[in-house]
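Okay, here's what each chain looks like letter by letter:
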Amino acid sequence: MQDGEIYVSAPGKAILHGEHAVVHGKVALAVSLNLRTYLHLNTNNDGKVCINLPNIDTFLSWDLSELKQLIPYMCGKREEAKRLDAELLRRLREFLDISNGSLDTCNMAILAFLYIYLSLFRLSELPSLKVSVWSELPTGAGLGSSAAYSVCLAASLLTVSGAIPAPLKEWDHTARWCQEDLELINSWAFQGEMIIHGNPSGVDNAVGTWGGMLRFLAGKIIPLSRVPLLRILLTNTKVPRSTKVLVARVKDKINKFPSVMTPVLDSVDAISCTCEKVLSEMTSEPITGEHYNILEELIDINQHHLNVMGVGHPALDTLCRVTLAKGLHSKLTGAGGGGCGITLLRPETDSSVVQTTAQDLKDCGFDCWETSIGGPGVQQHSPLSVKEEVLEILNRY
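Each chain carries its own residue numbering, running from 1 in the written order of its sequence. Note on the predicted model: pLDDT of at least 70 is required for a residue's local features to be given, and 80 or more for side-chain atom pairs to be given and counted; whole-chain, interface and lining totals, by contrast, use all residues. To get the side-chain values, take all heavy atoms of the structure and skip hydrogens and water.

Visitor: Teacher, can you tell me more about the overall build of the chain here?
Guide: A run of DSSP states H or I qualifies as a helix once it reaches four residues; a run of E qualifies as a strand once it reaches two. Both are numbered from the N-terminal end. Of regular secondary structure, the chain possesses 12 helices and 13 strands. All radius of gyration figures rest on C-alpha atoms, and the globule criterion is 2.2 Å times the number of residues raised to 0.38. In terms of C-alpha radius of gyration, the chain reaches 21 Å, essentially the compact-globule figure of 21 Å for 397 residues. Along the first, second and third principal axes, the C-alpha set of the chain runs to 60 × 50 × 40 Å. Three exposure classes are used, based on accessible area relative to the maximum for each residue type with a 1.4 Å probe and protein chains only: buried under 20%, partly exposed in between, and exposed over 50%. Expressed as a percentage of its 397 residues, the buried residues of the chain come to 55%. In what follows, a contact means two residues having at least one pair of non-hydrogen atoms within 4.5 Å. Expressed as a percentage of contacts within the chain between residues at least 6 apart in sequence, the contacts between residues at least 24 apart total 76%. What sets the accessible areas is the Shrake-Rupley method with a 1.4 Å probe; for residues, cover comes only from the shown protein chains. In the structure as shown, the chain presents an accessible area of about 17,100 Å², 52% of it carried by carbon and sulfur atoms. Charge counting treats Lys and Arg as positive and Asp and Glu as negative, with His and both chain ends excluded. To locate a charge, take atom NZ for lysine, CZ for arginine, CG for aspartate or CD for glutamate. Between the centroid of the 35 positive side chains of the chain and the centroid of its 43 negative side chains there is a distance of 6 Å.

In structure tokens, the structure reads:
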């Protein structure tokens, strides 16, 4: 085991185009957000395992002697992360007093942490460590906050266990793991996502691991090698929604009106493919205003399609109306029915326009951030590369 401390971060995600289309074998494009989850792991010799989650005001600690009782029966290689160990999960649920039907954010986060920790150290002495995780992402908003959390857990625990090497050298501020190590991080992060969500697509943890933009089609996830960094406004309408209900609504509409809805899905697929082509052009030739014109038109068309599919919401209509009044173009991201939307910002968009738009959206009762999409995936940091306010939160306990 590697001694000392490690700082890791992973991005959230937005669906650029193709919401709900993936269920029906169409292309979706998922992109990383430059809003990140940060993790600080510190090894020590106090005989305890501690986790601090400031976002949900949670601090928990266990004696190693308690945790050791959960693992004598376990065997096999720690690097394997192909399927969940049902027996370990059962024991952990019993240990934490979590019912099988529980979807409590705090409980699922703790369960995922202990599962990955015990799985990776089951063939060695359990180490004392303290983990602190803080996120710039709102939870439960469809922005991949749980996946970013799982990716950070996987990357840090795999590194400290010695399963993968730390990529950060003395002279580095940030560093990425190699492709083989990223694949291992992603596989363990997917385990965390399965614990938290039950049956995830794998898109969120893949975005958190690789960053940039990913193409998702028929269960296959393909990272795209180069993606332009695009400025956006990210808006959380704070309208709660159920992904399960919204997916069922789309399926019902397709079953009821197949001749109407099939062309809509085909069109959404074409939008995703056209968007991918434009973004690829923007990395290989000078970016022009026409590139942004096309992206804005695709955003508008896609948003209309999503309303036709029944996953719009008056709050999202308000977002589109407020931003269009400023000459900006918006669409929902994720399941819809509320939740979040993204607004594309051109390079020449004046900061005063961005500020007044954000204030108008806040006046509607929404939360709003200026950020970007297309940034890097999971990274290891030196303390110098972590924002001071984040360091303060991570090191508070």
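Visitor: How should I be thinking about the pairing of strand 10 (residues 329–333) in this particular structure?
Guide: On a regular strand, one side chain projects to one face of the sheet and the next to the other, so that they alternate. Among the five residues in strand 10, five count as buried, and that is most of the element. At least two bridges found by DSSP between two strands are what make those strands a pair. Relative to strand 11 (residues 340–345), strand 10 runs antiparallel, the two sharing five bridges. Among the inter-strand pairings, lysine 331 is bridged to a residue of strand 11, identified as isoleucine 342. Linking strand 10 back to strand 11 in an antiparallel pair, the connection comprises six residues, with glycine 334 at a positive phi of about 95°.

Visitor: What is the right way to look at the nonpolar core in this model?
Guide: Side chains that are nonpolar tend, in soluble globular proteins, to be buried together. Only buried residues count toward a nonpolar core, which is a set of Ala, Val, Leu, Ile, Met, Phe, Trp, Tyr and Cys residues joined through side-chain atoms within 4.5 Å. Core analysis: the biggest nonpolar cluster contains 91 residues, and Phe113, Tyr117, Tyr149 and Ile185 have the highest contact counts within it. The element contributing the most residues to this core is helix 3 (residues 105–120), with 12 residues. Those residues within four positions of tyrosine 149 in sequence are excluded, and the remaining contacts are Thr37, Ile51, Leu53, Ala109, Ile110, Ala112, Phe113, Val133 and Ile196. The next biggest cluster of nonpolar side chains, apart from the first, holds 25 residues, and it includes Val311, Leu316, Leu332 and Ala335.

Visitor: What am I meant to see in empty space enclosed by the protein here?
Guide: Gaps left between atoms show up when a probe the size of a water molecule is rolled over them. Points on a 1 Å grid over protein atoms alone make up a cavity when a 1.4 Å probe fits among them but cannot get out, and a pocket when they form an open set with protein on both sides within 12 Å along at least five of seven lines; lining residues each have an atom within 4 Å of a point. Grid points are joined across faces, edges and corners, and a volume is the space filled by probe spheres set on the points. For the structure shown, the criterion picks out one cavity of 30 Å³ or more. Put simply, the largest cavity is a space of about 100 Å³. Those elements that provide at least two residues to the lining of the largest cavity are strand 1 (5–17), strand 9 (230–236), helix 8 (258–284), helix 9 (289–308) and strand 11. With three residues, strand 11 is the largest single contributor of residues to the lining of the largest cavity.

Visitor: Which parts of the structure should I look at to understand helix 10 (residues 314–324)?
Guide: Structural remark: α-helix, 3.6 residues per turn; residues separated by three or four positions point the same way. Within helix 10, the full set of buried residues consists of Ala315, Leu316, Thr318, Leu319, Cys320, Val322 and Thr323. If you follow the buried residues of helix 10, they end up packed against strand 9, helix 9, strand 10, strand 11 and helix 11 (351–363).

Visitor: How do you make sense of the packing of helix 5 (residues 179–197) against helix 6 (residues 203–210) when you look at a structure like this?
Guide: Axis angle and axis distance: for two packed helices, these are the angle between their axes and the distance between the axes, and together they describe the pair. Where helix 5 contacts helix 6, the two axes come as close as 9 Å, and the packing angle between them is 145°. The chirality of how helix 5 crosses helix 6 is right-handed. Within the contact between the two elements, helix 5 uses Gln179, Leu182, Glu183, Ile185, Asn186, Ala189, Phe190 and Glu193 and helix 6 uses Asp204, Asn205, Ala206, Thr209 and Trp210. Split into classes, the residues belonging to the contact of helix 5 with helix 6 amount to six nonpolar, four polar and three charged. Angular values range over 0 to 180 degrees, each being the angle between N-to-C directions of two axes fitted as lines to C-alpha atoms, with helices fitted over their stretch in contact. Crossings are sorted by hand: turned counterclockwise from the far helix by less than a right angle, the near helix makes the crossing left-handed, and turned clockwise it makes it right-handed. Under the scheme applied here, ten amino acids are nonpolar (Ala, Val, Leu, Ile, Met, Phe, Trp, Tyr, Cys and Pro), four are charged (Asp, Glu, Lys and Arg), and all others, including Gly, are polar.

Visitor: Would you take a moment to explain unusual backbone geometry for this structure?
Guide: Trans peptide bonds make up the majority, and among non-glycine residues the majority have a negative phi. Phi is positive for aspartate 97, which is not a glycine, with a value near 60°. One can find aspartate 97 in the loop between helix 2 (86–96) and helix 3. Located in the positive-phi region is lysine 238, a residue other than glycine, with phi close to 65°. Along the polypeptide, lysine 238 turns up in the loop between strand 9 and helix 7 (243–256). Lysine 238 gets classed as partly exposed once you look at its relative accessible area, which sits at 47%.

Visitor: Can you help me understand the pattern of salt bridges in this one?
Guide: Should the charged atoms of two oppositely charged side chains come close, the side chains can pair. Definition used for salt bridges: Asp or Glu carboxyl oxygen within 4 Å of a side-chain nitrogen of Lys or Arg. Enumeration according to the criterion identifies 16 salt bridges in this entry. Of the charged contacts in the structure, one is a salt bridge between aspartate 204 and lysine 13, with a shortest N-O distance of 3.4 Å. Of this pair, aspartate 204 sits in helix 6 while lysine 13 sits in strand 1; the two residues are 191 residues apart in sequence, bridging distant segments of the chain. Measuring nitrogen to oxygen at the nearest pair gives 3.0 Å for the salt bridge that ties glutamate 370 to arginine 231. With a gap of 139 residues between them, glutamate 370 in strand 12 (residues 367–373) and arginine 231 in strand 9 connect regions that are remote in the sequence. Residue glutamate 370 is classed as partly exposed on the basis of its relative accessible area of 46%. Given a relative accessible area of 24%, arginine 231 falls into the partly exposed group.

Visitor: Help me out: how do you make sense of the packing of aromatic side chains in this one?
Guide: Describing an aromatic ring pair means giving the distance of the ring centres and the angle of the ring planes. Two aromatic rings from Phe, Tyr or Trp, using only the six-membered ring of Trp, form a pair when their centres are within 6.5 Å; if the ring planes differ by under 30 degrees the pair is stacked, by over 60 it is edge-to-face, and anything between is tilted. As enumerated under the stated definition, the model contains three aromatic pairs in all. When the centroid spacing of 5.4 Å and the interplanar angle of 45° are considered together, the rings of tyrosine 117 and phenylalanine 121 count as tilted. An identical accessibility class is assigned to tyrosine 117 and phenylalanine 121; each is buried. Three or more aromatic residues link up through ring pairs in this structure, and these residues are Trp62, Phe113, Tyr117 and Phe121.

Visitor: Would you explain the pairing of strand 3 (residues 48–53) in this entry?
Guide: Burial runs high along strand 3: five of the six residues are buried. Pairing between strand 3 and strand 4 (residues 58–63): six bridges, direction antiparallel. Following the sheet pairing, lysine 48 is matched in strand 4 by aspartate 63. Where strand 3 folds back onto strand 4 in an antiparallel hairpin, the turn is made up of four residues, including aspartate 57, whose phi is positive at roughly 50°. As paired strands, strand 3 and strand 5 (residues 128–135) are joined by four bridges and run parallel to one another. Bridging from a neighbouring strand, cysteine 50 pairs with lysine 130 of strand 5.

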